[in-house]
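Residue-level structure breakdown
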Amino acid sequence: TPKSIDVHGILGVDLGIVNIATDSDGQVFSGKEVEDNRRKFDHRRSNLQRNGSKSAKRKLRKISGKQSRFQKDTNHRISKSIVRKAQDTNRSIALEDLSGIRDRVTVRRNQRARHANWSFYDLRVKINYKARMAGIPIILVNPKNTSRMCSVCGHIDPSNRPTQSSFKCVQCGFADLADHN
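Below or above, wherever it landed, is the structure these notes cover. (Residues numbered from 1 in each chain as written. Predicted model: local features only at pLDDT ≥ 70, side-chain atom pairs only at ≥ 80, totals over all residues. Heavy atoms only, no water.)

A closer look at the packing of helix 1 (residues 32-51) against helix 2 (residues 54-63)
Running from amino to carboxyl end, helix 1 crosses helix 2 at an angle of 155 degrees, the nearest separation of the two axes being 8 Å. Compared by their axis directions, helix 1 and helix 2 come out roughly antiparallel. Crossing angle aside, the handedness with which helix 1 passes helix 2 is left-handed. On the side of helix 1, the interface is formed by Phe41, Arg44, Arg45, Leu48, Gln49 and Asn51, while helix 2 contributes Ala56, Lys59, Leu60 and Ile63. Partitioning the contact of helix 1 with helix 2 into residue classes produces 5 nonpolar, 2 polar and 3 charged. (Axes fitted to C-alpha atoms, helices over the stretch in contact; angles between N-to-C directions. Helix = DSSP H or I, 4+ residues; strand = E, 2+ residues; numbered from the N terminus. Parallel < 35°, antiparallel > 145°, perpendicular 65-115°, else oblique. Left-handed = near helix turned anticlockwise from the far one by under 90°. Contact = heavy atoms within 4.5 Å. Nonpolar A, V, L, I, M, F, W, Y, C, P; charged D, E, K, R; others polar.)

Quick word on a positive patch on the surface
A grouping of Lys40, Arg44, Lys59, Lys62, Lys66 and Arg69 is seen on the molecular surface, where their side chains present a positively charged patch. Elements with a minimum of two residues in the positive patch: helix 1, helix 2 and helix 3 (66-88). Within the secondary structure, lysine 59 is located in helix 2. (Patch = residues over 30% accessible without salt bridge, like charges linked within 9 Å, V, L, I, M, F, W, Y side chains within 5 Å. Areas by Shrake-Rupley, 256 points an atom, 1.4 Å probe, with all protein chains shown as cover. Salt bridge = Lys/Arg side-chain N within 4 Å of Asp/Glu carboxyl O. Lys, Arg positive; Asp, Glu negative; His and termini not counted. Charge placed at Lys NZ, Arg CZ, Asp CG, Glu CD.)

A few points about the pairing of strand 1 (residues 10-15)
Bridge count between strand 1 and strand 4 (residues 92-96): 4 bridges; the pairing is parallel. Its bridge partner being in strand 4, isoleucine 10 is matched across the sheet by serine 92. Inspection of the sheet shows strand 1 paired to strand 2 (residues 19-23) by 3 bridges, in the antiparallel sense. Bridging across to strand 2, leucine 15 finds its partner in alanine 21. The loop that links strand 1 with its antiparallel partner strand 2 comprises 3 residues. (Pairing = 2+ DSSP bridges.)

Some points on unusual backbone geometry
Phi angles above zero are rare outside glycine, and asparagine 90 is one such case at about 55 degrees. One can find asparagine 90 in the loop between helix 3 and strand 4.

A word on helix 2
Think of an α-helix as turning once every 3.6 residues; residues three or four places apart then point the same way. Taken as a whole, helix 2 has its buried residues at Ala56, Leu60 and Ile63. One face of helix 2 carries all of its buried residues, which in axial projection span an arc of 75 degrees. Exposed side chains of helix 2 directed beyond 90 degrees from the buried face belong to Lys54, Arg61 and Lys62. Looking at the packing, one finds that the buried side of helix 2 touches helix 1 and helix 3. (Buried < 20%, exposed > 50% of the residue type's maximum accessible area, 1.4 Å probe, protein only. Arc of directions from axis to C-beta.)

Quick word on the pattern of salt bridges
One pass over the structure, following the stated rule, counts 9 salt bridges. Aspartate 25 is the salt-bridge partner of arginine 91, the closest N and O atoms lying 2.6 Å from each other. With arginine 91 in the loop between helix 3 and strand 4 and aspartate 25 in the loop between strand 2 and strand 3 (28-30), the pair connects residues that are 66 residues apart, well separated along the chain. On the basis of relative accessible area, aspartate 25 is assigned to the partly exposed category, the value being 42%. Where aspartate 73 meets arginine 77, a salt bridge forms, and the shortest distance between an N and an O atom there is 3.2 Å. In this pair, aspartate 73 and arginine 77 are both assigned in helix 3, 4 residues apart and thus about one turn of the helix distant. A single salt-bridge network, built from bridges that share partners, covers Asp23, Asp25, Lys85 and Arg91.

Structure below.
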């Protein structure tokens, strides 16, 4: 176990579905490739299952796990980048503790597959073990009201989020991308 580094700040990381991760410096790791890959394999699986032939079953076995491996590789690259940035700037990493979110949140039917394939825990585990190897402390933050709270004045209000992607504080007027705030 390496010795903990002397930290001089915190690198906050917002986890999401559209943007897999957004750090407090404003770097965004998009989830577009993961979503496109999920859709492609979902469509391919449904067509092959509908066919039901011997060769279709053989093809299903061949492509099984491909989507999962792609998501794990994407999470690996994102976690490596986040830990490297925290290490270069001598900062600890603050992550949202999203455990139990699937039990707390309901989503529409057309969003169920997307929500079920959200691999936030895999990303958290990867960031955790890489940060431990680098001696960087991890801080888990309660996600309650983090999307509604202004990072400048601390005001919490649901109307601070006029849309899913934008943030505008009703008290001080601060405006930014929602994930970055």
